[in-house]
Amino acid sequence: MKTLFDKIWEKHVVQQIAGGPSVFYIDKHFIHEVTSPQAFQGLEKRGLPVFRPQQVVATADHNVPTLNQHLPIREELSRRQVATLIENCSKNNIELYGLGHPFQGIVHVIGPELGITQPGMTIVCGDSHTSTHGAFGAIAFGIGTSEVEMVLATQCLMQSKPKLMRINVDGMLQNGVGAKDIILYIISQISASGATGYFVEYAGSAIRALSMEARMTICNMSIEMGARGGLIAPDQTTFNYIKGRLFAPHGELFDEKVAEWSQLFTDADATFDKEIFIDAAAIEPMITYGTNPGMGIPVTGHIPALSEVEASERPSFEKALHYMGLQPGAAIKDQKVDYVFIGSCTNSRIEDLRQVAAFVKGKHKADSVEVWVVPGSKQVENQARAEGIDKIFEAAGFQLRQPGCSACLGMNEDKIPAGKYCISTSNRNFEGRQGPNARTLLASPLTAALAAITGKVDDIRNYLEPVVINERWRMENEILVNQ
Amino acid sequence: MKAISHISSTVVPVKMENIDTDQIIPARFLKATSRDGFGKNLFRDWRFENDDENQPRKDFVLNNPVYRGKILVAGKNFGCGSSREHAAWAIKDFGFDVVVSSFFADIFRNNSLNNFLLPVQVTEAFLQQIFAITEKDPATVVEVDIPSQTISIPSAGLSASFDINAYKKTCLLNGYDDIDYLLSIRKEIEQYETNRR
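This one's a predicted model, so the numbers in the text were calculated from it and none came from an experiment. (Residues numbered from 1 in each chain as written. Chains lettered and ligands numbered in written order. Predicted model: local features only at pLDDT ≥ 70, side-chain atom pairs only at ≥ 80, totals over all residues. Heavy atoms only, no water.)

K.L.:
What is the right way to look at the overall build of chain A in this model?
P.N.:
Helix and strand counts for chain A come out as 16 helices and 19 strands. Radius of gyration (C-alpha) of chain A: 21 Å, near the 23 Å computed for a compact globule of 483 residues. If you line up chain A on its principal axes, its C-alpha atoms span 55 × 55 × 50 Å. Here the contacts in chain A between residues at least 6 apart in sequence split such that 77% fall between residues at least 24 apart. Carbon and sulfur atoms make up 52% of the accessible area of chain A, which amounts to about 16600 Å² in all. The average position of the 44 basic charges and that of the 53 acidic charges among the side chains of chain A differ by 3 Å. (Helix = DSSP H or I, 4+ residues; strand = E, 2+ residues; numbered from the N terminus. Rg over C-alpha atoms; globule rule 2.2 N^0.38 Å. Contact = heavy atoms within 4.5 Å. Areas by Shrake-Rupley, 256 points an atom, 1.4 Å probe, with all protein chains shown as cover. Lys, Arg positive; Asp, Glu negative; His and termini not counted. Charge placed at Lys NZ, Arg CZ, Asp CG, Glu CD.)

K.L.:
When you look at unusual backbone geometry in this model, what are you seeing that I'm missing?
P.N.:
Both trends apply: most residues other than glycine have a negative phi, and most peptide bonds are in trans. Residue and element names in this part refer to chain A. Of note in the backbone geometry, Gln155 takes a positive phi value of approximately 60 degrees without being a glycine. Relative to the helices and strands, Gln155 resides in the loop between helix H5 (145-154) and strand E8 (156-159). Within the chain, Asp334 stands out as a residue other than glycine whose phi angle is a positive 75 degrees. As for its placement among the helices and strands, Asp334 is situated in the loop between helix H11 (314-324) and strand E15 (339-342).

K.L.:
I tried to follow the side chain of Asp106 of chain B on my own but got confused; where do I start?
P.N.:
As for its placement among the helices and strands, Asp106 of chain B is situated in helix H4 (residues 106-114). No salt bridge is formed by the buried Asp106 of chain B; its nearest oppositely charged neighbour, Arg109 of chain B, is found at 4.8 Å. In terms of polar contacts, Asp106 of chain B uses its side chain to reach the backbone amide nitrogen of Gly197 of chain A, at 2.9 Å. Not counting residues within four places of it along the chain, the set of residues in contact with Asp106 of chain B comprises Thr196, Gly197, Tyr198, Gly226 and Arg228 of chain A. (Buried < 20%, exposed > 50% of the residue type's maximum accessible area, 1.4 Å probe, protein only. Salt bridge = Lys/Arg side-chain N within 4 Å of Asp/Glu carboxyl O. Polar contact = N/O pair within 3.5 Å; in protein donor to acceptor, adjacent residues only side chain to side chain.)

K.L.:
So what exactly am I meant to see when it comes to the UniProt feature "binding site: [4Fe-4S] cluster" (unreviewed entry) in chain A here?
P.N.:
All names here are of chain A. UniProt feature "binding site: [4Fe-4S] cluster" (unreviewed entry): in the numbering of this structure it lies at Cys345, Cys405 and Cys408. In terms of the greatest pairwise C-alpha distance, the residues named above, spread along 64 residues, form a tight cluster of at most 8.7 Å across. The annotated residues named above include Cys345, Cys405 and Cys408 as those lining the largest cavity. Assignment of secondary structure puts Cys405 in the loop between strand E17 (399-400) and strand E18 (421-424). The buried category is assigned to Cys405, whose relative accessible area is 7%. When residues no more than four places from it in sequence are discounted, the contact partners of Cys405 are Asp61, His62, Ile106 and Phe341. Along the polypeptide, Cys408 turns up in the loop between E17 and E18. Apart from the residues within four sequence positions on either side, Cys408 is in contact with Phe341, Ser344, Ser426, Asn427, Arg433 and Gln434. (UniProt positions renumbered as here; feature names shortened; annotations may be inferred. 1 Å grid on protein atoms, 1.4 Å probe; cavity = no way out; pocket = protein on both sides within 12 Å on 5 of 7 lines; lining within 4 Å.)

K.L.:
I keep staring at the domain arrangement of chain A and nothing clicks. Help me out?
P.N.:
In many analyses, interface size is given as the accessible surface area lost on bringing the parts together. All names here are of chain A. The domain architecture assigned to chain A consists of domain 1 (4-274) and domain 2 (302-477). Using only C-alpha atoms to locate each centre, domain 1 and domain 2 end up separated by 24 Å. Listed by partner, the interface residues are 41 residues for domain 1 and 43 residues for domain 2. Summing both partners gives a buried area of about 3300 Å² for domain 1 against domain 2, and 51% of it is carried by carbon and sulfur. (Domains from an automatic or database assignment. Buried area = accessible area lost by both parts, 1.4 Å probe.)

K.L.:
Explain the interface of chain A and chain B here, please?
P.N.:
Taken together, the contact pairs 67 residues of chain A with 52 residues of chain B. Each partner contributes to the roughly 5000 Å² buried at the junction of chain A and chain B, and carbon and sulfur atoms together form 55% of this total. With a shortest N-O distance of 2.5 Å, Arg46 of chain A and Asp177 of chain B are connected by a salt bridge. Those elements giving two or more residues to the side of chain A that touches chain B turn out to be strand E1 (13-16), strand E2 (22-25), helix H2 (37-46), helix H3 (76-91), H5, E8 and H11 of chain A. Take the side of chain A that touches chain B: its biggest share by element is 7 residues, from H5 of chain A. Broken down by class, the residue content of the side of chain A that touches chain B amounts to 25 nonpolar, 28 polar and 14 charged. (Nonpolar A, V, L, I, M, F, W, Y, C, P; charged D, E, K, R; others polar.)

K.L.:
Explain the pattern of salt bridges to me, please; I cannot follow it from the model alone.
P.N.:
Two side chains that carry opposite charge are able to pair once their charged atoms sit near each other. Considering all chains together, one arrives at 44 salt bridges over all chains under this definition. Note that Glu193 of chain B and Arg52 of chain A form a salt bridge whose closest N and O atoms lie 2.6 Å from each other. Highlighted residues: Glu193 of chain B in helix H8 (residues 186-196) and Arg52 of chain A in the loop between H2 and strand E4 (56-59), drawn from two different chains. Across this residue pair, the class does not change: Glu193 of chain B and Arg52 of chain A are buried. A salt bridge links Asp390 of chain A to Lys391 of chain A, with the shortest nitrogen-to-oxygen separation between them at 3.7 Å. On the basis of relative accessibility, which here comes to 12%, the residue Asp390 of chain A falls in the buried class. Accessibility expressed as a relative area gives 54% for Lys391 of chain A, which makes it exposed.

See the structure below:
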């Protein structure tokens, strides 16, 4: 009668403090340049070494340029931050996949792609989207810098056990509707704070039918409804994905591990603090209109009218629409866009790029739109080039850039100008997130690709040859798995 | 860390819900490699027009000299979004010791406690009372007492209790942090690692 979460949690409790949190052991710790320097500084102040450097993996992603990565970083503070990471890793014997390394990329893309992320593990990183790794049936969550310091010093954290929620998504998705639409739909239903205090397990036939990369998109955005993390029980799809990857177990050890991982599921009679049921067939292509990820509607829908918003929420709602330059009650379809950003730890993997390429092949972007495609990792970029996806993008007028977090958070030069509308495959539409006064509309890669071609928000279902895209997609995924 | 126990202060009310950490401290100010100096960019884009310190937005409360104090009061779901601890550093560095809201995002709550910035969660009704009373009289003093776990407005005869786990309470009152504790049980951690193999 245990949940998947309980099974992993219990194996990682080192000590339970009476009336307080547990001392919780961490198997893998990812670090990056932005949230780690102060942690290393803290260790130095206390005269402490890194306790288990072989369990730490570093990359540079948040604050790196996505053009000319072979040149020194132009911006002085960014250059210094990346240099500090290199110095801290070399001093402490931590493996670093920095700029120029063939494994460099967004931390939540490279972990799974290298086979570092595995079922049953506990994984943390100083980044809230660490929940991505939960797609493998791992307990993975974001932490602050003081906690980064704790894990570097002791490989442990003080954690209180969260409440548990299960979200069941059952049925067949409509053609053109994908993982991003599922998660945007869920968040729009339960709000940006609807899962605060909870860890979420995603289950149901629609989740089981998703590829690993699609599952990562779902778990990635758990934090956007307040959940500390999200996870999905591992299955054959998971094992197929992991098999053969660089840091995955090989040979007999792999088979032993699969036997062990196969026990990681929620028992039939286990209970949750909260349970939600969602009909997959009811989900339409989704888009956000406001300044938190809970403000989502179908692309065919209307922004709520003032009368539909609770009185206490009206000041925030009106502030959001004022910021976005949108009207209460208006349709979102045909809203013009100026920029298209395809990237981020939510949607920058090879399947995302393949899906976009399959749709835009032979088409050209609208003149009024600028399109940035930022691959999640060097490996994704190289794979895209090997498959000729770069040529498709070039012909369509899309810019294929180099890996990093880029315009998801606008920390580097990739900022959306003030007042401009950007349809973005990233995870946050907060005020100023993509640059001061930039206006973000969150959507799936397909909906973003369509906006790139038409220059406005539209319904992808009207543009797809149903079976063809689905079949092609499935075939390509099978090819990838077999490689 | 410097222990905290009792805070008595006027408040700064930010009557907005779902304040995310990108608003508290925008990403472009996360390039520092030390913990200091984030306070000057607290709520940067709500405080200043066109990113210009010479153009304060008059309608934002931090620019209103009437509201000063060590207690920040904000709408529900405060600190959602990014895990950046810089948000807690910025609030603490600006001079706040307490944030009051009806609901906190989990990571922000932990980050705050790790920096001895106390998140005090009250009911929505109590929160609205604080907003109403301090809007009428900005000089209203609010008392936050950690030993008794109470928040009160003596002038209005209002009081409420708040939750904090016993372990964290001990930490705050004595100036201990989690690393001090974790280091003290290093043998147990090593034993756990051995047992797992």
